[in-house]
Amino acid sequence: MKKNPTRREFVKASALLTGGLLAPSFLVPGAYAAPQNTLKLALIGCGGRGTGAVFQAFDTGHPIQLVAMADAFGDRLEGSYKPIFEKYGKDKVNVPQERRFVGFDAYKKAIAEADVVILASPPGFRPSHFEEAVRQGKQIFMEKPVATDAAGIRKVLAAAEEAKAKKLNVVVGLQRHYQNNYRESMKRIQDGALGDIVGGQVYWNDGGVWVKQRTPEQTEMEYQMRNWYYFNWLCGDHIVEQHVHNIDVANWAKNGYPVKAEGTGGRAVRTGKEHGEIFDHHILTFTYADGSVIHSECRHFPGAANRVDETFQGTKGKAYLSAGNHGLLTDWKGNVIYDHDRKNQPNPYQQEHDELWAALVKGEYKFADAENAAKSTMTAIMGRYATYSGKVMTWEESLNGQVDLFPDTLAWDALPKVLPKDDGYYPHAIPGKTKVI
Amino acid sequence: MYFHGDVVPADLMKRILGLLLLSLMSFQLNPAPVFEAYTQTLPGTSVSFDMIPIPAGSFWMGSSDPSFPDQQPRHQVHLDAFWMGPHEVTWDAFELFLDKQYEQTITEGGVPARVDALSRPSLPYLDMTFGMGKEGKPAVGMTQYGAIQFCHWLYLKTGIFYRLPTEAEWEYAARAGSEERFFFGKDPSSLGDYAWYAGNSQQTTQVVGTKKPNPWGLHDMYGNVTEWVIDQYAPDFYSKSPANNPLNRGTKLYPHCLRGGNFATAEASLGSSFREYSDPVWKRIDPQIPKSQWWFPEAPFVGMRLVRPLIPPSPEEIFAYYTQVPIIDY
């Protein structure tokens, strides 16, 4: 497998290649013209995370005006507009009714209004939203994961290439890449402080996330969209939606992507109708090109022990990393090589916007996160393919998988591909039987 | 108690009406209490916690150390009797509250509808144990609202009015009759016998009750987790505090008082009279807007301890205490 450059090398290289400056004008014919030197922002996907990302954009202090919003649901859009407007006011928030776009196609219209877009819809929509934003030549912040199946990943990888060609900045909310304990530890790992990384363990074990109950007036499409965490075309399963963070850290430490995945998973405790089709646990090994193996474990079991962190073993020492600002590297005698100071650390969710917007206001091209995000998302999808099928999955066959989870038609009265059985329960994968690619 | 804002959403109204009915019934699951130590079992589960009696009495609250102006003036306070948990609330009970489905799964004989109807915390996306473990360890990271709603849930499950301590009750209980800095005297050298703090905790919470208790039988009053009390924090409150059952009722979301210090607190900041307060920065890394009413993702050191007044307030007051609506936090 081809050795991939580190993000650091990559960013350095791309900044050198482009020499920095973008075309000075972001103007789109016919769109609302914001005051001079103000960057126009559109929010696509108005949930709590998208709203939070708009706050972080404004909190960079750069001249930004929110000019358009889009969501499939009008109530979600209004619920997001209200706190944004209350906090930042009319000078920064200029989203009259005619630029609040609702429905499945809303994203296209909102993207057209802006210079910069935040893409924060459920992950299943990311490939088409990202593709459209790149097609329209916008600067992009998008949330992770970036797809839910191989078809979506291929779309994102193609658009990532186009974004590079167009010199569009793309930052992805795999925020550990913008968190100092990870950056400092990875720098040392890649400089050889632990020797070769020969093994590791990455975890997201906790009690699970929210559930939205079905209401009588909802169509099947609306119900799945509201309760999106439990449907694979929208979420990708928790191994993709959540554990992608830790899997991405493994790829970062290994400086590459695994060649195969094998493992097991199922529905042990989260088995209700409202829990759709996703598993509640996946336990895997990912094998990399050099034969090293990373163990990956994610589960949503309330009452059981929690663990969300990453550990790695190298020929010279070991590492302990977590989102709680841990970054501890020790040699095999227990001597500390590096121990990150956990106090007064920047908020990584803010840091990713600080860095992106600093580049944008200077017209610089610095960020190309989409390719790594797509490949780390693909790693998690490959893991799901392995636990769902019970088979050993290779990178190549996974990436070329032809099973497309997305509905043929997006409309409130159209049917998603996975539907409840007569008893109200959804069919879920059966290892040994289910076809995933 | 505080009601923030004037708007009561319809679903909340429905809940309030339901609760009102419930409160008027004042369901007598428990006979008139005998004022002695007891073990509270959560019905249908093997989870229980202890409560010990703290007699009515008077004490000198605060300190005269000029380095700590918010602990002054030292003033006399009289308190009615109450029970207090000898231990901080642990995940064993708190997790049943935070995950309704989990509660239903492990409760034999089912969960009563009145309990089922209670709004629960948003399940935290982040690991709110922060890698520090659950069994026997204090529940951490909850907001004061979350702590009060845990009491509400206990009330619906047991019929007993549990609440947070007032700041005065907490200090009275911590002192256990001592007028020194610590309940064991002035000299901090034996602190490690009684407390998990920066000097011995390895920067993590520890199983409750593994250090010696104070003379009234309360464990971990110093260190382990900083404990919620009811009061709004005001540095000058002691200069105007009433003498009988004082309470500084909250009108703002921040700052509220907490007491006792935690596993990361240095010896210099521990003692019966030290006051701490909540900080919005504890929600800084919550990536969602509105920020969670329930969780402080950067406060792994905040926990809670229960109190039960010997004479419970009226059903109306209980209802008011449990239905305080927190200010929305952007």
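Residues numbered from 1 in each chain as written. Chains lettered and ligands numbered in written order. Predicted model: local features only at pLDDT ≥ 70, side-chain atom pairs only at ≥ 80, totals over all residues. Heavy atoms only, no water.

1. Observations regarding the overall build of chain A
Here is step 1: A tally of regular secondary structure across chain A gives 13 helices and 15 strands.
Here is step 2: Reported as C-alpha extents along the three principal axes, the dimensions of chain A are approximately 60 × 60 × 40 Å.
Here is step 3: With 437 residues in all, chain A has 60% of them scored as buried.
Here is step 4: Contacts in chain A between residues far apart in sequence, at least 24 positions, make up 74% of those at least 6 positions apart.
Here is step 5: Of the roughly 16700 Å² of accessible surface on chain A, a fraction of 53% belongs to carbon and sulfur atoms.
Here is step 6: Distance between charge centres in chain A, computed from 53 positive and 51 negative side chains, equals 3 Å. (Helix = DSSP H or I, 4+ residues; strand = E, 2+ residues; numbered from the N terminus. Buried < 20%, exposed > 50% of the residue type's maximum accessible area, 1.4 Å probe, protein only. Contact = heavy atoms within 4.5 Å. Areas by Shrake-Rupley, 256 points an atom, 1.4 Å probe, with all protein chains shown as cover. Lys, Arg positive; Asp, Glu negative; His and termini not counted. Charge placed at Lys NZ, Arg CZ, Asp CG, Glu CD.)

2. Focus: the environment of A:Val436
Residue and element names in this part refer to chain A.
Here is step 1: Inspection of the secondary structure puts Val436 in the segment after helix H13 (395–399).
Here is step 2: Look at Val436 and you get buried, because its relative accessible area is 9%.
Here is step 3: The spatial distance from the C-alpha of Val436 to the C-alpha of Ala165 is 33 Å, given a sequence separation of 271 residues.

3. A short note on the packing of helix H2 (residues 91–98) of chain B against helix H5 (residues 144–158) of chain B
Residue and element names in this part refer to chain B.
Here is step 1: Packing of H2 against H5 brings their axes to within 10 Å, and their N-to-C directions diverge by 85°. As the angle between them shows, H2 and H5 are arranged roughly perpendicular. Here Ala93, Phe94, Leu96 and Phe97 of H2 come into contact with H5, specifically with Gly146, Gln149, Phe150 and Trp153.
Here is step 2: A per-class count over the contact of H2 with H5 returns six nonpolar, two polar and no charged. (Axes fitted to C-alpha atoms, helices over the stretch in contact; angles between N-to-C directions. Parallel < 35°, antiparallel > 145°, perpendicular 65-115°, else oblique. Nonpolar A, V, L, I, M, F, W, Y, C, P; charged D, E, K, R; others polar.)

4. Here's the deal with empty space enclosed by the protein
Here is step 1: Counted under the stated rule, the structure contains six cavities of 30 Å³ or more.
Here is step 2: With three residues, the single largest contributor to the lining of the largest cavity is H5(B).
Here is step 3: Across the lining of the largest cavity, the residue classes tally to 11 nonpolar, six polar and three charged.
Here is step 4: Size it by volume and the second largest cavity reaches roughly 140 Å³.
Here is step 5: The wall of the second largest cavity is formed by 16 residues, among which A:Gly207, A:Asn306, B:Glu95, B:Leu98 and B:Pro124 lie closest to the centre.
Here is step 6: When residues of the lining of the second largest cavity are assigned to their parent elements, the largest contribution, three residues, is made by H2(B). (1 Å grid on protein atoms, 1.4 Å probe; cavity = no way out; pocket = protein on both sides within 12 Å on 5 of 7 lines; lining within 4 Å. Points joined across faces, edges and corners; volume = space filled by probe spheres on them.)

5. Digging into the packing of H5(B) against helix H8 (residues 315–322) of chain B
All names here are of chain B.
Here is step 1: One can describe the packing of H5 onto H8 by two numbers: an axis separation of 9 Å at closest approach and a directional angle of 135°. Put simply, H5 runs oblique to H8. Seen from H5, the contacting residues are Ile148, Gln149, Cys151, His152 and Tyr155; seen from H8, they are Ile318, Tyr321 and Tyr322.

6. With respect to the layout of surface pockets
All names here are of chain B.
Here is step 1: The space that makes up the second largest pocket amounts to roughly 520 Å³.
Here is step 2: Lining the second largest pocket are 21 residues, with Arg163, Leu247, Arg249, Pro313 and Glu317 sitting closest to its centre.
Here is step 3: It is H8 that provides the largest number of residues to the lining of the second largest pocket, a total of three residues.

7. Some details on the pairing of strand S8 (residues 260–266) of chain A
All names here are of chain A.
Here is step 1: Relative to strand S9 (residues 281–287), S8 runs antiparallel, the two sharing seven bridges. Within S9, the position partnered with Gly265 by the bridge is His282.
Here is step 2: Pairing geometry for S8 and strand S15 (residues 393–394), over two bridges, is antiparallel. Within S15, the position partnered with Lys260 by the bridge is Thr394. (Pairing = 2+ DSSP bridges.)

8. Some remarks on the sheet that holds strand S6 (residues 170–172) of chain A
All names here are of chain A.
Here is step 1: Judged by pairing direction, the sheet is parallel, and its six strands sit side by side in the order S3-S2-S1-S4-S5-S6 without closing on themselves. Edge positions in the sheet fall to strand S3 (100–102) and S6, since each has one partner strand and no second. Sheet twist, expressed as the average angle between the axes of neighbouring strands with direction ignored, equals 15°.
Here is step 2: Bridging between strand S5 (residues 139–142) and S6 involves three bridges; their strand directions are parallel.

9. Considering helix H2 (residues 48–58) of chain A
Residues and elements named next belong to chain A.
Here is step 1: Counting buried positions along H2 gives 11 out of 11 residues, so the element sits mostly inside the fold.
Here is step 2: Inspection of H2 places Gly48, Arg49, Gly50, Thr51, Gly52, Ala53, Val54, Phe55, Gln56, Ala57 and Phe58 among the buried residues, and these make up the whole buried set.
Here is step 3: At its buried positions, H2 is contacted by strand S1 (39–44), strand S2 (64–71), helix H3 (74–92), strand S4 (116–119), S5 and helix H11 (348–361).

10. Let's talk about the sheet that holds strand S6 (residues 226–232) of chain B
Residue and element names in this part refer to chain B.
Here is step 1: With respect to topology, four strands assemble into an open sheet ordered S8-S7-S6-S9, the strand pairing being mixed. Edge positions in the sheet fall to strand S8 (275–277) and strand S9 (302–303), since each has one partner strand and no second.
Here is step 2: For S6 and strand S7 (residues 256–259), the ladder comprises three bridges, and the chain directions are antiparallel. In the sheet register, Trp228 faces S7, and the bridge partner there is Leu258.

11. So, helix H5 (residues 126–135) of chain A
Residues and elements named next belong to chain A.
Here is step 1: Taking burial as the measure, the 10 residues of H5 include eight buried ones, the bulk of the element.
Here is step 2: Buried within H5 are the following residues: Arg126, Pro127, Ser128, His129, Phe130, Glu132, Ala133 and Val134.
Here is step 3: Looking one or two residues beyond H5, the residue adopting positive phi is Gly137, at roughly 75°.

12. Looking at the environment of A:Asn169
All names here are of chain A.
Here is step 1: Mapped onto the elements of the fold, Asn169 is located in the loop between helix H6 (150–165) and S6.
Here is step 2: A C-alpha to C-alpha distance of 24 Å links Asn169 and Val240, two positions 71 residues apart in sequence.
Here is step 3: Side-chain polar atoms of Asn169 contact the backbone nitrogen of Phe367, separated by 3.0 Å. (Polar contact = N/O pair within 3.5 Å; in protein donor to acceptor, adjacent residues only side chain to side chain.)

13. As for the interface of chain B and chain A
Here is step 1: Across the contact, 17 residues belong to chain B and 33 residues belong to chain A.
Here is step 2: Of the roughly 2100 Å² buried where chain B meets chain A, counting both sides, 50% is carbon and sulfur surface.
Here is step 3: By the criterion of area lost to chain A, the three top residues of chain B are B:Tyr125, B:Ile289 and B:Tyr330, representing 33% of everything that side buries.
Here is step 4: Our count for the contact surface shared by chain B and chain A stands at 14 residue pairs in polar contact (both at pLDDT 80 or more).
Here is step 5: Each residue belonging to the side of chain B that touches chain A can be placed in one class, and the counts come to nine nonpolar, three polar and five charged. (Buried area = accessible area lost by both parts, 1.4 Å probe.)

14. A look at the confidence of the model for chain B
Residues and elements named next belong to chain B.
Here is step 1: Confidence in the prediction of chain B, expressed as mean pLDDT, is 91, and 90% of residues score 70 or more.
Here is step 2: Ignoring residues within four places in sequence, the model shows residues 1–10, a span with pLDDT below 50, making 21 contacts including any to other chains.
Here is step 3: Throughout residues 20–29 the model reports pLDDT below 50, and contacts reaching past four residues in sequence, or to other chains, amount to 16 contacts.
Here is step 4: Scoring the predicted complex yields pTM 0.90 and, for the interface, ipTM 0.86. (pLDDT = per-residue confidence, 0-100.)

15. A look at the pattern of salt bridges
Here is step 1: For the structure shown, the criterion picks out 36 salt bridges over all chains.
Here is step 2: The salt bridge involving A:Glu355 is made with A:Arg183; its shortest N-O contact spans 2.8 Å. Of the two residues, A:Glu355 sits in helix H11 while A:Arg183 sits in helix H7 (residues 180–190), which places them 172 residues apart along the sequence.
Here is step 3: B:Glu171 is the partner of B:Arg259 in a salt bridge, and the nearest nitrogen-oxygen pair spans 2.8 Å. Note that B:Arg259 is positioned in strand S7 and B:Glu171 in helix H6 (residues 167–175), a separation of 88 residues in sequence. The same class applies to B:Arg259 and to B:Glu171, which are both buried. (Salt bridge = Lys/Arg side-chain N within 4 Å of Asp/Glu carboxyl O.)

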